[in-house]
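Examining the three-dimensional arrangement
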Amino acid sequence: MIKFWTRRVEKGIITRNKELQTELEQIQKEIKQSVNKKFAGSLAIRMVDSGSCNACEAECNALSNPYYNLERLGIYFVASPRHADVLLLSGVMTFNMTPHVKDAYEQIPAPKWVISLGDCPMMQAPFERTYAINAPANEHLPIAHHIQGCPPTPLEIMQGLLEFLRKI
Ligand code: SF4
């Protein structure tokens, strides 16, 4: 037991990525400042899946864990578009979901923004027009910012949110 704790104290936490931690802390700090300044401390996001594989949603779920802790920065995922400032769109735009996505956008009170998440919403040729797909999403909604990746990591999503906050 003593051997274990001696080694533990000597080596520290070897799974901790210090560079990632520093970058994350910097992004968190800037996001919090921007949300305080531009959204009075609270930015509400309504996420809509227009036909995704669910990996983008899984990465977004990680944003609520104690490590990324997006809620502590003032960014919340909400259940109703009527409580939202931003529509976060994931997945390829399918014919079936197009009217529902547009409806969700209409329900958000102004001022409002759309952020597309992952490569699917911006799907280009040759698969953007099939019997099921009605892509790209920017033909249907005014996309204010796009977060690339398939799927983007939680850190990339936070970077994307920060870029959006800087832009507006
Ligand atoms: S961008 Fe990639 S991970 Fe995200 S929904 Fe599309 S296929 Fe899935």
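These remarks concern the structure in this document. Fair warning: this is a prediction, and the values are worked out from it, not measured in the lab.

1. Quick look at the environment of Ile2
Summarising the element assignment, Ile2 is placed in helix H1 (residues 2-11). Separated by 150 residues in the primary sequence, Ile2 and Pro152 have C-alpha atoms spaced 42 Å apart.

2. Observations regarding the environment of His146
Note that His146 resides in strand S5 (residues 143-147). In the structure, His146 is positioned 143 residues away from Lys3 in sequence and 51 Å away in space, judged by C-alpha atoms. Dropping the residues within four chain positions of it, His146 is found in contact with Ser116 and Met122.

3. A word on the pairing of strand S3 (residues 86-90)
Counting buried positions over the 5 residues of S3 gives 5, a clear majority of the element. Here strand S1 (residues 43-49) pairs with S3 via 5 bridges, running parallel. Paired with Met47 across the bridge in S3 is Leu88. Across 5 bridges, S3 lies against strand S4 (residues 113-117) in parallel orientation. Its bridge partner being in S4, Val86 is matched across the sheet by Trp113. A crossover connection joins S3 to the parallel S4 through helix H4 (residues 98-107); in handedness this β-α-β unit is right-handed.

What counts, and where the lines are drawn
- Residues numbered from 1 in each chain as written.
- Predicted model: local features only at pLDDT ≥ 70, side-chain atom pairs only at ≥ 80, totals over all residues.
- Helix = DSSP H or I, 4+ residues; strand = E, 2+ residues; numbered from the N terminus.
- Contact = placed C-beta atoms within 7 Å.
- Buried ≥ 20, exposed ≤ 12 C-beta atoms within 10 Å, placed from the backbone.
- Pairing = 2+ DSSP bridges.
- Right-handed = clockwise from strand over helix to strand, strands pointing away.

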